[in-house]
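Single-letter residue listing:
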Number of protein chains: 2
Amino acid sequence: MSSQQLANRVKALQSSAIRDLLKHSKMEGVISLGGGIPNPDLFDTEGLELAMERVMTTERHNAFQYGLSEGDPALRAAICQILAERGIQSTIDDVMVTSGSQQSLDILARAVINPGDTIVVERPTYLAALQVFQLAEAQLASVGTDGEGMIVDELAELVQKQKIKAVYIVPTFGNPSGVTLSAARRQQLVALAQQHGFLIFEDDPYSEINFSSEKFRTLKSYAQEMGASDQVIYTSTFSKILAPGARVGWIVSPSWLKQSVVNLKQSTDLHTSSLSQSLTRHYLETGRLQSQIALISKEYKKKCDALCVAMESELGDRIRFHRPLGGMFLWATFKEPFNTTEWLKTTLQNGVVYVPGEFFYCDNPDQSTLRLSYASVSEENLLKAAQRLKASLP
Amino acid sequence: MSSQQLANRVKALQSSAIRDLLKHSKMEGVISLGGGIPNPDLFDTEGLELAMERVMTTERHNAFQYGLSEGDPALRAAICQILAERGIQSTIDDVMVTSGSQQSLDILARAVINPGDTIVVERPTYLAALQVFQLAEAQLASVGTDGEGMIVDELAELVQKQKIKAVYIVPTFGNPSGVTLSAARRQQLVALAQQHGFLIFEDDPYSEINFSSEKFRTLKSYAQEMGASDQVIYTSTFSKILAPGARVGWIVSPSWLKQSVVNLKQSTDLHTSSLSQSLTRHYLETGRLQSQIALISKEYKKKCDALCVAMESELGDRIRFHRPLGGMFLWATFKEPFNTTEWLKTTLQNGVVYVPGEFFYCDNPDQSTLRLSYASVSEENLLKAAQRLKASLP
């Protein structure tokens, strides 16, 4: 398929509910459980101001000048620290700064995927990842999820039947499913990659937003332990824990991939905003990130609990869901056959919007599903939203 | 060719002198006429601080939150003003903010070029544009340049023989050639596009850095006058007139292309750094850009004159060049057969580096050429550089 045709396919996807939702979410009186936007009231504006002060006083020239395609070495060193806390051993050379997870995926897709390669995603999976893989002219296959995340046994069956290039997965507090891959399945997935020689794209934007005391080990850290490090490409971002508007994320590449992703980054946009990188780096130097993460996790947990309770009491007889252990999303499924895309028209009239689940599938969409984002909604409005959803039931 | 093979081709290009030059240019005592980096001593740090103050006091939430893929409407409105001064009529809907010219080209290539399409570039042309078109699997053809820029008669012959998709051109103060397309040739080029139905990618990063009193009309403005507006896609950037590190540029798209580029922008990196956009917009609101452009033009002209005089007096018998009317680059050609890539080893030993011309060709490279960037070098060092080049002659 030509890039033009693909652009049109993307266009078709775009003209989906997503864009409308962004508009609706700004409409008077409408409560939006739509877009996955962090809560701006929780931004650490004091810390960001402090960091910006340091940028403007100590680093103006770097912040406004061209930089390396790999990213600011000082920022990459700080990222290596963060990775260590996530059980990932890395050096500056392993880390490339990107303009957020979306770009990380786009660059990976362009570096790794040849037209026709099969990429396996979760069912449901992150919508924008589907677009990136389609642009790279990949064939998409999908594997189901349950309360423990991707059903790796299903994947094992699939790779018996066909050769696959890579698995794309958000293993921790997934978007949209909200579920988390169990420890056993993480090891099973890495072992399977080792056995069948496929890659794993581990997309990890949410793992710090943890409602539990349990730590979920990254696939990359398992892979390093199991000698499969070359097969796991890890991406993460500051968007959900600091400020999405700065557009700063990163890729941890195996040696064989490093040069390709750097070359593609250079061809794509030379480098990520020096200003955004400098702000991020100086923010990290303030040492405030951990308490900021703690604050976000505490507040999002309250909201998540409020939504879960409200959904259970208002719609518990009609829908089921897995209570998220972290992150920003609740994924709900109607117990009976239902079309949530159609239903959106009614709920919008009643002043509440969400993302219909069907847009998160590359095949066999389950139209009885919906994604609810609680991060930016007050507890009071989360209850109202659940009541309005109930009032919208046929 | 697969994206992996292309990445490797890009890699080959990358491992060219360019990267090494960036290293060399930081070596003690070496004068670099290499990378096309704006002079940081000329950054309007006072104005940028003022703008950043306003961002942090009046617009923190927007600056740190997700934004529209099209870009900040207020910034796009300000860009429409700049475009009007360049003779281009536009509305906010015509303008999409990008993360700089490199990304503008990459998005255009992905939106417009199908594998095998022929793209015509100038001989010599901008290196990174070649990489982008190769990644898009385009066939490249080239047309010569002289003191009046692209030799459009040559293009006219070429389009008689074969169908082309687009012409990529930096018509004003070109990189690397330093030359400027004459008014007659601008109209001839647009008329030719009209007649043969090909597109023109007009890349215009340098036109504000004007050493003359003459104004050079954009191809887009001619196209609007001649009814060929749908065929000219115009890109520009704040990198050379404000701050490259912010990574803010833009595309002016015809109606038929608008949705595709926005969709691709969304799939590529969602949107350009809100912080960088906000800073740029507030800087424009200070009304300081015009005097900043005047300052840069005045200082670069001094440097350009100094380099031209020094090159004439030191190497005038061996090389020839066209005196730039603006921009950042002097393009020189040896009068005798010469290999400037080989020569670089000698000049480096003598403490001066440049970019060998052969890297700016997609075919038939002229190895007797070199690109000299004067923007970030003192007049004293420009003279020294010319003397060291002379001392390096075989």
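Reading guide: rules and limits
- Residues numbered from 1 in each chain as written.
- Chains lettered and ligands numbered in written order.
- Predicted model: local features only at pLDDT ≥ 70, side-chain atom pairs only at ≥ 80, totals over all residues.
- Heavy atoms only, no water.
- Pairing = 2+ DSSP bridges.
- Helix = DSSP H or I, 4+ residues; strand = E, 2+ residues; numbered from the N terminus.
- Contact = heavy atoms within 4.5 Å.
- Axes fitted to C-alpha atoms, helices over the stretch in contact; angles between N-to-C directions.
- Least-squares fit on C-alpha atoms with pLDDT ≥ 70 in both.
- Domains from an automatic or database assignment.
- Buried area = accessible area lost by both parts, 1.4 Å probe.
- Salt bridge = Lys/Arg side-chain N within 4 Å of Asp/Glu carboxyl O.
- Polar contact = N/O pair within 3.5 Å; in protein donor to acceptor, adjacent residues only side chain to side chain.
- Nonpolar A, V, L, I, M, F, W, Y, C, P; charged D, E, K, R; others polar.

Peer 1: How do you make sense of the sheet that holds strand 9 (residues 249–252) of chain A when you look at a structure like this?
Peer 2: By definition, the strands of a sheet pair up through backbone hydrogen bonds, in either a parallel or an antiparallel sense. Residue and element names in this part refer to chain A. Taken together, eight strands build an open sheet; the order of strands is 2-9-8-7-6-3-4-5 and the sheet is mixed. Strand pairing shows two members of the sheet lacking a second neighbour, strand 2 (95–98) and strand 5 (149–150), which therefore form its edges. With three bridges joining them, strand 3 (residues 118–123) and strand 6 (residues 166–169) adopt parallel strand pairing. Residue pairing in the sheet places Ile119 in a bridge with Ala166 of strand 6. Each of strand 6, strand 7 (199–203), strand 8 (232–237) and strand 9 touches helix 10 (residues 219–226); the most contacted strand, strand 8, lies at about 150° to it.

Peer 1: Would you mind going over the relation of the copies chain B and chain A with me for this structure?
Peer 2: Both copies of the chain are tied together by a single rotation about an axis and a shift running along it. For these two chains of identical sequence, chain B goes onto chain A by a turn of 180° and a shift of 0.0 Å along the axis, with RMSD 0.0 Å. Put plainly, the chains are arranged around a two-fold axis. Interface overlap between copies is the fraction of interface residues in one copy that are interface residues in the other; for chain B against chain A it reaches 100%, indicating a shared surface.

Peer 1: Could you clarify how one ought to interpret the domain arrangement of chain A in this entry?
Peer 2: Accessible area lost upon the coming together of the parts is a frequently used measure of interface size. Residue and element names in this part refer to chain A. Split into domains, chain A comes out as domain 1 (3–44 + 290–391) and domain 2 (46–285). Taking only C-alpha atoms, the centre of domain 1 and the centre of domain 2 are 24 Å apart. Taken together, the two surfaces of domain 1 and domain 2 that pack against each other cover about 3300 Å², and 66% of this comes from carbon and sulfur. For the interface between domain 1 and domain 2, the tally reads zero salt bridges. Taken together, domain 1 and domain 2 are joined by 10 residue pairs in polar contact (both at pLDDT 80 or more). With eight residues, the single largest contributor to the side of domain 1 that touches domain 2 is helix 13 (residues 289–315). Its residues assigned to classes, the side of domain 1 that touches domain 2 shows 21 nonpolar, nine polar and five charged.

Peer 1: Just to check I follow, could you spell out the interface of chain B and chain A for this structure?
Peer 2: Each partner contributes residues to the interface: chain B has 64 residues there, and chain A has 64 residues. Broken down residue by residue, the surface that chain B buries against chain A is led by Phe64(B), Tyr66(B) and Arg110(B), which jointly contribute 13%. As a salt-bridge pair, Asp106(A) and Arg110(B) come within 2.8 Å of each other at their nearest N and O atoms. Taken together, the links from chain B to chain A amount to 22 residue pairs in polar contact (both at pLDDT 80 or more). Among the secondary structure elements, those contributing two or more residues to the side of chain B that touches chain A are helix 1 (3–14), helix 3 (45–58), helix 4 (60–64), helix 6 (101–112), helix 7 (127–135), helix 11 (255–269) and helix 12 (274–285) of chain B. Broken down by element, the residue count for the side of chain B that touches chain A peaks at nine residues, all from helix 11 of chain B.

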